[in-house]
Amino acid sequence: MSQPAPKSSRIRDLLTKPIRLPQWFAGRPSAGDPRVFSFNDERESVVNEVAARVVAQCLGARLELLINDSAHREIERLEKQRDDEAREWLGFWRTVVRKLARMSETERHETLRQIVEPMARDVAGNFDPRVYRFAQQVIPGLIAGVMNPKQLMVDAASVRKLGAERLVSLTGHLDEMHALSQIGTVVVVPTHSSNLDSLAIGESLARENLPPVVYGAGKNLFTNPIISFFMHNLGAYRIDRRIKSQIYKQVLKTYSCVMIERGYHSLFFPGGTRSRSGMLEGRLKLGLAGTAVEAYARNAIRAKSRGEAPRPIFFVPVTINYALVLEAESLVEDYLKEKGQARYIIEDDEFSQLDRWLAFFRRLTSYGAACVLRYGPAIDPFGNRVDPQGRSLAPDGRVIDPVSYVTHRGEPVLDPARDAAYTRDLGRELVEHYRRETVIMTTQLVAHVLFRKLVRETPGVDLFGRVRRRGEITWAHAEYVTSYRETLDRLRALQDQGEVHINSYLETDSAERSLERALEAWDGYHTRTMARITDGQIVIEDPALLLYYQNRLVPFAERIAGEGDERAAIEIAALAGAL
């Protein structure tokens, strides 16, 4: 049984196929260039290794059931799509179902190979140093031009600062990140609030002269030709979340594992998808993150045979903290409708709407420091802190050997059950890091104080009843100011204890100015009014959006509540376990 011959479609090719520059004058990577600059030279080798390893792993399972599962799931998906891909592959999968029961073992092995190889090839990324250098120099300026075209004309020499550097602030353990990226393989693991997150991380790495990373991106993000061109050429590997087969999931995990084994710095979003609620991730999807544990074990086995130490792997947690979230309205609606799982891929949100992009960026221009990326301290794959020399540290500060975690009877070995347990421990450690490295923004604190008032004034009403109380709850401005100041004082105390961080505006703005700043930001972008001031009274107009922004403070709600707000704070804190 042969694979289907690809059907030609110019539109489909433009939207889904890698668009690459000719290799004329491409040049060869130099010794000091980042590892990923040489990726295209070994792309075929990576694909072949991934395919061979997945085939070998599947042969150890019940092969007929695996192939049958993939075939039926793909037929169901493609019959719904009814597009070029369906016309290309439906016949193949239907033939598999028809012939599978009569196949010999050799024929099943060949069918598995025909399934795995195209999957691996479709997933594999691409990296062009020329596109990377172009993006470094031009993209921040283009963003600046969209955000502030008048200023761009006045001072073209500093467009980079007018764009990303003015709006995105970088803080945290950046010096440590520099050192560790030279010692071992870094896996960046950020929180995930917006489809802009990958761009923000990429720009921050480039600004700091840190090496670029490879990362998985949903295939739905490749439908825009311009975005697709950059993602195709800047290390993104494609994840098609419509494909549910176990074989495909194994291809994704194996690709990630092979890339980390080979020393490619990587990026994962452990939350799996954007936080619909606006809360910090508390339940992580660690499938891809777990591949780093396996990669370390495999590297340890190879290093032991050569009498060497394995190349270290470091996880670097990053919190991405927005004053405004581009897709907030769609995300919180999805959260409240309890469709977070059913609508895993939101196709119709603000990310795909050009007019919302323009409104979003123009509002951010007047806000300044609208996003803070905080790089946390690095940990090894087993959750231990590491020092600037890349050595793993026990809780008491002793240097420990991470190879001991993958060693059995004196030899490093592969053990999936053991690695799964380590990955769960790693996940719990990341959740704690996210909480401690969060930077609270003005819009979030203002929303929390207002939403807490709503909860206090609606005892016995559930969350869905509260979000319908549009325009019903009012609050004297002077009383709000007192409550805000007391809440901020308690938040500052938590910052002094190392429990959280607060944005610079919260340090300097008065309570009155903070409210003005938040209302200006919301009113200038969101289509619905969140709150307004009338005759000295604050009127809560959109509890759902207030809920979304205040949810960032859910872990701290009880500790920053004052007298009279305790019961409301308990209800807010309980949101972490709701829905």
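Rules and cut-offs
Residues numbered from 1 in each chain as written. Predicted model: local features only at pLDDT ≥ 70, side-chain atom pairs only at ≥ 80, totals over all residues. Heavy atoms only, no water. Helix = DSSP H or I, 4+ residues; strand = E, 2+ residues; numbered from the N terminus. Buried < 20%, exposed > 50% of the residue type's maximum accessible area, 1.4 Å probe, protein only. Contact = heavy atoms within 4.5 Å. Pairing = 2+ DSSP bridges. Axes fitted to C-alpha atoms, helices over the stretch in contact; angles between N-to-C directions. Core = buried A, V, L, I, M, F, W, Y, C linked by side-chain atoms within 4.5 Å. Parallel < 35°, antiparallel > 145°, perpendicular 65-115°, else oblique. Left-handed = near helix turned anticlockwise from the far one by under 90°. Nonpolar A, V, L, I, M, F, W, Y, C, P; charged D, E, K, R; others polar. Phe/Tyr/Trp six-rings, centres within 6.5 Å; stacked < 30°, edge-to-face > 60°. Lys NZ or Arg CZ within 6 Å of the ring centre and 35° of its normal.

(A) Structural view of the overall build of the chain. Broken down by element type, the chain carries 23 helices and 16 strands. For the chain, the residues scored as buried account for 56% of the 579 residues in total. For the chain, restricting intrachain contacts to residue pairs at least 6 apart in sequence, the fraction spanning at least 24 positions comes to 77%.

(B) Layout of the sheet that holds strand S7 (residues 371-375). Strand order in the open sheet made by the seven strands is S1-S7-S6-S2-S5-S3-S4, with mixed pairing throughout. Bordering the open sheet on either side are strand S1 (168-172) and strand S4 (236-239), each of which pairs with just one other strand. Inspection of the sheet shows strand S2 (residues 185-190) paired to strand S5 (residues 266-267) by two bridges, in the parallel sense. Its bridge partner lying in S5, Val 187 is registered against Ser 266. Packing against the sheet, helix H9 (residues 174-183) makes contact with S1, S2, strand S6 (313-322) and S7, and its axis sits at approximately 140 degrees to S2. The sheet strands contacting helix H16 (residues 416-437) are S2, S6 and S7, and the helix crosses S6 at an angle near 40 degrees.

(C) Spotlight on the nonpolar core. Core analysis: the largest hydrophobic core is formed by 89 residues, its most contacted members being Tyr 480, Trp 522 and Tyr 549. With eight residues, the top contributor of residues to this core is helix H17 (residues 442-457). If near-sequence neighbours (up to four positions away) are discounted, Tyr 549 is found in contact with Ala 323, Leu 324, Val 325, Ala 328, Thr 443, Gln 444, Ala 447, Trp 522, His 526 and Met 530. Membership of the second largest hydrophobic core comes to 76 residues, among which are Phe 39, Leu 90, Val 187 and Phe 382.

(D) Spatial organisation of the packing of helix H13 (residues 290-306) against H16. Interhelical geometry of H13 versus H16 gives an angle of 130 degrees and a closest axis separation of 9 Å. When the axis of H13 is compared with that of H16, the two are oblique. The two elements H13 and H16 meet at a crossing, and its hand is right-handed. Packed against H13, whose contacting residues are Gly 290, Val 293, Glu 294 and Ala 297, the element H16 presents Arg 418, Asp 419, Tyr 422 and Thr 423 at the interface. Looking at side-chain class alone, the contact of H13 with H16 contains three nonpolar, two polar and three charged residues.

(E) Summary view of the packing of aromatic side chains. Summed over the entire model, instances satisfying the criterion amount to 18 aromatic pairs. Judged by centre distance (5.6 Å) and plane angle (85 degrees), the ring pair of Phe 39 and Tyr 264 falls under edge-to-face. Highlighted residues: Phe 39 in helix H2 (residues 39-59) and Tyr 264 in the loop between helix H12 (246-261) and S5, separated in sequence by 225 residues. Look at Tyr 264 and you get buried, because its relative accessible area is 1%. One aromatic cluster is present, built from ring pairs that chain together Tyr 296, Phe 382, Tyr 405 and Tyr 422. One Lys or Arg, Arg 35, reaches over the ring of Tyr 264 and ends 4.4 Å from the middle of that ring.

(F) Layout of the pairing of strand S16 (residues 537-540). Where strand S13 (residues 473-476) lies against S16, four bridges are found, and the strand directions are antiparallel. Residue Trp 475 lies in a different strand from S16, and its bridge partner there is Ile 538. As paired strands, strand S15 (residues 531-534) and S16 are joined by four bridges and run antiparallel to one another. Bridged to Arg 532 within S16 is Val 539. Linkage of S15 to S16, two consecutive antiparallel strands, is achieved through a turn of two residues, within which Asp 535 is found at a positive phi near 50 degrees.

(G) Highlighting the sheet that holds S13. Reading across from one edge, S13-S16-S15 is the order of the three strands in this open sheet, with antiparallel pairing throughout. Of all the strands in the sheet, just S13 and S15 have a single pairing partner and so form its edges. Taking the axes of each pair of neighbouring strands and ignoring which way they run, one obtains an average angle of 25 degrees across the sheet. In the packing of H17 onto the sheet, contacts are made with S13, S15 and S16, and the angle to S13 comes to roughly 115 degrees.

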